[in-house]
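# Observations on the model geometry
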Amino acid sequence: MEVLRLAARGLSNRQIGERLSISNRTVGHHLVHIYDKTGRRSRAGVAVFAMEHRLLP
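Residue indices begin from 1 for each chain and proceed along its sequence in written order. Where totals are concerned, whole chains, interfaces and linings use all residues; where local detail is concerned, this predicted model gives features only for residues with pLDDT of at least 70, and gives and counts side-chain atom pairs only at 80 or more. In computing side-chain values, all of the structure's heavy atoms are included and hydrogens and water are not.

## Remarks on helix α3 (residues 24–38)
An α-helix turns once per 3.6 residues; consequently, residues spaced three or four apart project the same way. As a reminder, the rule being used: Here a strand is any run of E in DSSP of at least two residues, a helix any run of H or I of at least four, and the numbering for each starts at the N terminus. Expected helix span is computed as 1.5 Å times (number of residues minus one). We call two residues contacting when some pair of their heavy atoms lies within 4.5 Å.
For α3, built from 15 residues, the straight-helix expectation of 21 Å at 1.5 Å per residue is met to within 8% by its first-to-last C-alpha distance of 21 Å. Against the buried residues of α3 lie α1 (2–8), α2 (13–20) and α4 (43–52). Note on α3: the residue one or two positions beyond its end, glycine 39, has a positive phi of about 75 degrees.

## A look at the packing of α3 against α4
Here is the rule: For helices, the fitted axis covers only the stretch in contact; all axes are lines through C-alpha atoms, and the angles between them, taken along N-to-C directions, range from 0 to 180 degrees. Angle categories: roughly parallel below 35 degrees, roughly antiparallel above 145, roughly perpendicular from 65 to 115, and oblique for all the rest. Should the near helix be turned anticlockwise from the far one by less than a right angle, the crossing is left-handed, and should it be turned clockwise, the crossing is right-handed. Each residue receives one of three labels: charged for Asp, Glu, Lys and Arg, nonpolar for Ala, Val, Leu, Ile, Met, Phe, Trp, Tyr, Cys and Pro, and polar for the others, Gly being one of them.
In contact at an axis separation of 10 Å, α3 and α4 are set at 60 degrees when each is read in the N-to-C sense. Classed by the angle they form, the pair α3 and α4 counts as oblique. Considering only the axes of α3 and α4, their crossing is left-handed. Between α3 and α4, the residues in contact are Leu31, Ile34, Tyr35 and Thr38 and Arg43, Val46 and Phe49, respectively. When the residues that make up the contact of α3 with α4 are grouped by side-chain class, the tally is 5 nonpolar, 1 polar and 1 charged.

## What about the nonpolar core?
Formally: Take the buried Ala, Val, Leu, Ile, Met, Phe, Trp, Tyr and Cys residues and link them wherever side-chain atoms come within 4.5 Å; each set so joined is a nonpolar core. Exposure classes here rest on a 1.4 Å probe applied to the protein chains alone. A residue is buried below 20% of its type maximum, exposed above 50%, and partly exposed in between.
The biggest cluster of nonpolar side chains holds 16 residues, and the ones touching the most others in it are Val3, Ile16, Leu31 and Ile34. Elements that contribute at least two residues to this core include exactly α1, α3 and α4. For this core, the element with the most residues is α1, which contributes 5 residues. Once residues within four sequence positions are removed from consideration, isoleucine 16 is found in contact with Val3, Leu6, Ala7, Leu11, Val27 and Arg43.

## Structural notes on the confidence of the model for the protein chain
Where we set the bar: The score called pLDDT rates the predictor's confidence residue by residue, from a low of 0 to a high of 100.
Per-chain confidence: the protein chain averages 95 in pLDDT, with 100% of residues scoring 70 or above. Ranking the helices and strands of the protein chain by mean pLDDT puts α2 first, with 98, and α4 last, with 94.

## Comments concerning the environment of isoleucine 16
Tracing the backbone through its elements, the reader meets isoleucine 16 in helix α2. Residue isoleucine 16 is classed as buried on the basis of its relative accessible area of 0%. Along the backbone, isoleucine 16 and leucine 31 are 15 residues apart, and their C-alpha atoms lie at a distance of 11 Å.

## Focus on the packing of α2 against α3
Where α2 meets α3, the axes come as close as 8 Å, and the angle between the chain directions of the two elements is 105 degrees. Taken together, α2 and α3 sit at an angle that is classed as roughly perpendicular. Across from Asn13, Arg14, Ile16 and Gly17 in α2, the residues of α3 making contact are Asn24, Val27, Gly28 and Leu31. Considering only residue class, the contact of α2 with α3 consists of 3 nonpolar, 4 polar and 1 charged.

As structure tokens, this is what we get:
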């Protein structure tokens, strides 16, 4: 959920990794699963999904 929220806010994989203390590759892996689960294919699509489902604080 945190990767989704941070990606929706426009952070890069590197920035997300630094905030969550995980590697860029791990962030990318999480994003692939987020894209699959949300049916979206871009960060912009994921941001819209997060807003539509009120996932952003």
